[in-house]
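This is what each chain is made of:
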Amino acid sequence: QVQLVESGGGLVQAGGSLRLSCAASGRAFSPYRMGWFRQAPGKEREFVAALRWTFSSTYYADSVKGRFTISRDSAKNTGYLQMNSLKPEDTAVYYCAAEVSYHANYARSDSYAYWGQGTQVTVSS
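Fair warning: this is a prediction, and the values are worked out from it, not measured in the lab.

Cut-off values and rules
Residues numbered from 1 in each chain as written. Predicted model: local features only at pLDDT ≥ 70, side-chain atom pairs only at ≥ 80, totals over all residues. Heavy atoms only, no water. Helix = DSSP H or I, 4+ residues; strand = E, 2+ residues; numbered from the N terminus. Rg over C-alpha atoms; globule rule 2.2 N^0.38 Å. Buried < 20%, exposed > 50% of the residue type's maximum accessible area, 1.4 Å probe, protein only. Disulfide = S-S within 2.5 Å.

Chemist: Could you give an account of the overall build of the protein chain, naming the residues involved and the relevant values?
Modeler: Along the backbone of the protein chain there are 0 helices and 11 strands. Each helix and strand of the protein chain, placed in order from N terminus to C terminus, yields the pattern β-β-β-β-β-β-β-β-β-β-β. Here the C-alpha atoms of the protein chain give a radius of gyration of 13 Å, agreeing with the 14 Å that 2.2 N^0.38 yields for 125 residues. For the protein chain, the C-alpha atoms occupy an extent of roughly 40 × 25 × 25 Å along the three principal directions. Looking at the protein chain as a whole, 42% of its 125 residues qualify as buried.

Chemist: Got a sec to walk through the state of the cysteines? Specific residues and values, please.
Modeler: Here, disulfide denotes a covalent bond that connects the sulfur atoms of two cysteines. Applying the stated criterion across every chain yields a total of 1 disulfide. Disulfide partner of Cys22: Cys96, at an S-S distance of 2.0 Å. Residues Cys22 and Cys96 are joined by a disulfide whose S-S torsion is about 60°; by sign, that bridge is right-handed. Here the residue Cys22 occupies a position in strand β3 (residues 18–26), and Cys96 occupies one in strand β9 (residues 92–99), the gap between them amounting to 74 residues. For the pair shown, Cys22 and Cys96 are each scored as buried.

See below:
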């Protein structure tokens, strides 16, 4: 079993930055991909970014491309989401997730088997 724990959320002004962390524990952690999703109040959960764990290939939603960077430290079993130039519309609960085996669509939440509890990110205008 894999447990994922996010941290690093908080309140920031528009234009500011935050770095989210996703620490994995449990059995040896080597997912096919790690993903970040977010859910704003009254909205569906949406894809933010994903990273191929072994080869570090990255994928981003258009809304965050150029502002967010996904990365990982495999030695620490930890993934990161660096968020720069934050906007009020980035306000949401952010979740990390682990895709255990290959799925064709990395942007679908049902491609991921393990999820963290979420961390709140609030961007004030």
